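Each chain, letter by letter, is given below.
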Amino acid sequence: MYRSRRLAFASPRRARARLERLEHAERPVGFYDWRFFFRIACLYRTLTVCTLSSPQSHASPRHAEISIQISSERPRRALAPTGRMDFGCVRSVASASSSSSARSSSARDRYARWRVREGAGGARVEFASSIDRSIDMEAFYVVTFCALACACATMELRKKRMSGKAANLPANFLAFRNNYLVVYALMMAGDWLQGPYVYALYKHYGYSTGDIGKLFIAGFGASMIFGTIVGSLADRYGRKRAALTYVATYIASCITKHWSDYGVLMLGRFFGGIATSLLFTAFESWLVSEHFARNYDSDWLNGTFAKAIFIGNGLVSIIAGLLANYLVTDMGLGPVAPFDAAATFLAIGGAIIASTWTENKGAATENASLEASFRAASNAIFNDKKVLYLGAMQSLFEAAMYSFVFLWTPALSPNEEIIPHGMIFATMMVACMIGSSIAGQLLAEKDLRPEKYMQYVFLASAASLSLPIFVNMLPFPQTAGNSITLEGQIIMLGFLVFEGLVGIFWPSMMKMRATYVPEEIRSTVMNCFRIPLNLFVCIVLYNVALFPLSAMFAMCTLFLIGAAYLQRQLEIITAVPQQTQSIP
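Remember, predicted model here, so these are calculated numbers, not experimental data. (Residues numbered from 1 in each chain as written. Predicted model: local features only at pLDDT ≥ 70, side-chain atom pairs only at ≥ 80, totals over all residues. Heavy atoms only, no water.)

**A look at the overall build of the chain**
Right, so step 1: Tallying secondary structure elements over the chain gives 22 helices and three strands in all.
Right, so step 2: In the chain, buried positions account for 49% of the 584 residues.
Right, so step 3: Within the chain, counting contacts between residues at least 6 apart in sequence, those at least 24 apart form 83% of the total.
Right, so step 4: With an accessible surface of roughly 27400 Å², the chain has 61% of that area assigned to carbon and sulfur atoms. (Helix = DSSP H or I, 4+ residues; strand = E, 2+ residues; numbered from the N terminus. Buried < 20%, exposed > 50% of the residue type's maximum accessible area, 1.4 Å probe, protein only. Contact = heavy atoms within 4.5 Å. Areas by Shrake-Rupley, 256 points an atom, 1.4 Å probe, with all protein chains shown as cover.)

Printed below as a string of structure tokens:
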């Protein structure tokens, strides 16, 4: 036994020499069989990391979900070499070829095939994959991310170098803008830190997929029902108080994650739904009102919107994802740690709001009742076509965007291929940052109105989300493996285009809302825009298993085409006065 153990730490050449002397020796055949140590010795100096872990040790919650699903749905069943492995009931053994040709091959080829045999449950599972192909797929992710990151950095540097406008901005406005950007970044960090581990935490507590779906539906339902109420209260009692209410409710939602009781978790989802409505309405309403109250130039507001999306929805999301993964995986603090970190960031942001922000309210709703606020918002939406079209466009685009959040994983891994979700998510966020940078340049052009170019943004978004439908119709070769396929790469590039267009959408939509939505009922109207969105998301979550992926993407495509049509109508309405003035 001692001599066999020494083989595991010897070089491959010495291992073969020793094994030749031991080949004919009489020794029991069992766990310490010489073939096992020969394989380990051959791999010892060529492998730096060689781990097939249990589902709980996967860095990505989706990886663990796939492993658990395979383990539970396919017990004692032989799998073809499709890149899928039952991690729950088998032990892994590294296998090297015994022939002389295989021995003379490279170390990477010797590690290119795994054999998993005779598991604890008696199952016989074979897993075969090509390391060359895996490395190529990994290179695809890395190259894509680096290319987009370099493009983003180049655009930002070029924009700062060519536009010397920042030096001409007054110091008081720069202090005001930087204060808002810091607060907005902290608030978005509190939101982004929670996203990757909400599902994983519920799974950790042992709840089924159906129970988890009900929790998600409760969050969107709370946002739909209570969002309009808190929006009206924000207009009535002040946007600063609404921002502090967001901090309090989201911290309360984070605290509930320490309990595994289903009722407490449901209460946390209600708090989270209310907080989400405040996040996307109260802060923007406070910024717009405070900006004009201080008599700043309206063109400066465009740059603030673009920077807020670039930092909050791009840079902060990437850093938050890395921090959450570090807390859970590297530090081993468990899936609750990101929620505690989110509460910390929210508390810091709340302290800055309480100490530096001034209060502003809706001009005509300080003494108005909730019923009067809702009536005023309803009249503004249905009596002003500009507000109606704007709200419909926002609902349609965000419905497609939130559906995309649920659809991109199965679209890129239709056969449950293991894909690096963290890397893909980071790449998408970099694409969103590029889009927000482009939006800043578009909004800086005084002759180019968002009512004009947003039509093409919606049409391009529809084309990018329709790509999976057409790609699946093409006769791509069916390859088995554990990495993304060629059609998956094409679809991913389309998804990156969509994320870039999302980066253009947010600042442009903020600009149009600041132009057309009445100031006195801004928060109420903006939350009314979110009612059809939350209703649609609840319906999709409840019936997501009933529709194929192609039908879901087709529905998103139709939504975006409808948004482009409404944007065209908005351009016609807003361009009429200018055309009449130009007529002699």
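On we go from here.
**Observations regarding the side chain of H291**
Right, so step 1: Examined against the element boundaries, H291 turns out to sit in helix α13 (residues 282-293).
Right, so step 2: Aside from chain neighbours lying at most four places away, what touches H291 is F173, F176, Y296, D297, S298, W300 and L301.

**Things to note about the environment of C556**
Right, so step 1: Checked against the element boundaries, C556 lands in helix α22 (residues 549-582).
Right, so step 2: For C556 and A399, which are 157 residues apart along the polypeptide, the C-alpha to C-alpha distance reads 7.6 Å.
Right, so step 3: For C556, the contacting residues outside a window of four places in its chain are A400, S403, L407 and L465.

**What to know about helix α21 (residues 522-543)**
Right, so step 1: Taking 1.5 Å of rise per residue, 22 residues should cover 32 Å, and α21 covers 33 Å from first to last C-alpha, within 8% of that figure.
Right, so step 2: Most pronounced at I531, the bend in α21 amounts to some 25 degrees, and the proline P532 follows within four residues. (Expected span 1.5 Å × (residues − 1). Bend = angle between axes of the 7 residues up to and from the residue.)

**Considerations on unusual backbone geometry**
Right, so step 1: Backbone geometry at N295 places phi at a positive 60 degrees, although glycine is not the residue there.
Right, so step 2: Position of N295 relative to the elements: it lies in the loop between α13 and α14 (298-330).
Right, so step 3: The class of N295 is exposed, set by a relative accessible area of 68%.

**Description of the pattern of salt bridges**
Right, so step 1: Under the definition given, this model contains nine salt bridges.
Right, so step 2: K386 serves as the salt-bridge partner of D384, at 3.3 Å between the closest nitrogen and oxygen.
Right, so step 3: Accessibility expressed as a relative area gives 24% for D384, which makes it partly exposed.
Right, so step 4: According to the relative accessible area criterion, K386 is partly exposed, its value standing at 25%.
Right, so step 5: In this structure, E451 engages R449 in a salt bridge whose closest nitrogen and oxygen atoms are separated by 3.5 Å.
Right, so step 6: By relative accessible area, which is 22% here, R449 ends up partly exposed.
Right, so step 7: Salt bridges linked by common partners bring K452, R568 and E571 together as one network. (Salt bridge = Lys/Arg side-chain N within 4 Å of Asp/Glu carboxyl O.)

**Observations concerning the packing of helix α19 (residues 450-471) against helix α20 (residues 486-516)**
Two numbers describe a pair of packed helices, the interaxial angle and the distance between the axes.
Right, so step 1: The interhelical angle for the contact between α19 and α20, taken along N-to-C directions, is 155 degrees, at an axis separation of 9 Å. Between α19 and α20, the crossing angle belongs to the class labelled roughly antiparallel. As α19 packs across α20, the resulting crossing turns out to be left-handed. (Axes fitted to C-alpha atoms, helices over the stretch in contact; angles between N-to-C directions. Parallel < 35°, antiparallel > 145°, perpendicular 65-115°, else oblique. Left-handed = near helix turned anticlockwise from the far one by under 90°.)

**Some remarks on the nonpolar core**
Right, so step 1: Within the largest apolar cluster, 114 residues are counted, with the highest numbers of intra-cluster contacts made by Y180, M187, Y246, F283, L412, L465 and F495.
Right, so step 2: At 15 residues, α20 tops the list of elements feeding residues into this core.
Right, so step 3: Ignoring any residue separated from it by four or fewer positions in sequence, one finds F283 in contact with Y180, V183, M187, A243, Y246, L278, I353 and W357.
Right, so step 4: Core analysis: the next-biggest nonpolar cluster, separate from the first, contains 22 residues, L193, Y197, A200 and A324 among them. (Core = buried A, V, L, I, M, F, W, Y, C linked by side-chain atoms within 4.5 Å.)

**Regarding the confidence of the model for the chain**
Right, so step 1: Per-residue confidence for the chain averages 75 on the pLDDT scale, and 71% of its residues sit at or above 70.
Right, so step 2: Per-element averaging of pLDDT across the chain places strand β1 (residues 93-94) at the bottom with 29 and helix α15 (residues 337-356) at the top with 96.
Right, so step 3: Long-range and interchain partners of residues 1-10, a stretch whose pLDDT sits below 50, account for 22 contacts in this model, where long-range means more than four residues apart.
Right, so step 4: Throughout residues 24-131 the model reports pLDDT below 50, and contacts reaching past four residues in sequence, or to other chains, amount to 155 contacts. (pLDDT = per-residue confidence, 0-100.)

**Observations concerning the side chain of N534**
Right, so step 1: Tracing the sequence through the fold places N534 in helix α21.
Right, so step 2: Residue classification places N534 among the buried residues on the basis of a relative accessible area of 2%.
Right, so step 3: Sequence-distant contacts of N534, that is, excluding residues within four places in its chain, are made with F220, S223 and M224.

**Re a nonpolar patch on the surface**
Right, so step 1: A cluster of nonpolar side chains, I225, F226, I229, L233, Y237, L267 and F270, forms an exposed patch at the surface whose accessible area comes to about 570 Å².
Right, so step 2: Those elements that provide at least two residues to the nonpolar patch are α10 (209-237) and α12 (262-279).
Right, so step 3: The leading source of residues in the nonpolar patch is α10, at five residues.
Right, so step 4: If you trace the backbone, L233 turns up in helix α10.
Right, so step 5: Among the residues examined, L233 registers a relative accessible area of 30% and is labelled partly exposed. (Patch = residues over 30% accessible without salt bridge, like charges linked within 9 Å, V, L, I, M, F, W, Y side chains within 5 Å.)

**Brief notes about the packing of aromatic side chains**
Right, so step 1: Counted according to the given criterion, the structure contains 28 aromatic pairs.
Right, so step 2: Taking the centre distance of 5.6 Å and the plane angle of 55 degrees together, the rings of F397 and F458 count as tilted. One end of the pair, F397, is in helix α17 (residues 385-412); the other, F458, is in helix α19, with 61 residues separating them in the sequence. Residue F397 shares its accessibility class with F458, and that shared class is buried.
Right, so step 3: Between F397 and F505, the aromatic rings sit 4.0 Å apart at their centres with planes inclined by 20 degrees, giving stacked as the arrangement. Of the two residues, F397 sits in helix α17 while F505 sits in helix α20, which places them 108 residues apart along the sequence. (Phe/Tyr/Trp six-rings, centres within 6.5 Å; stacked < 30°, edge-to-face > 60°.)

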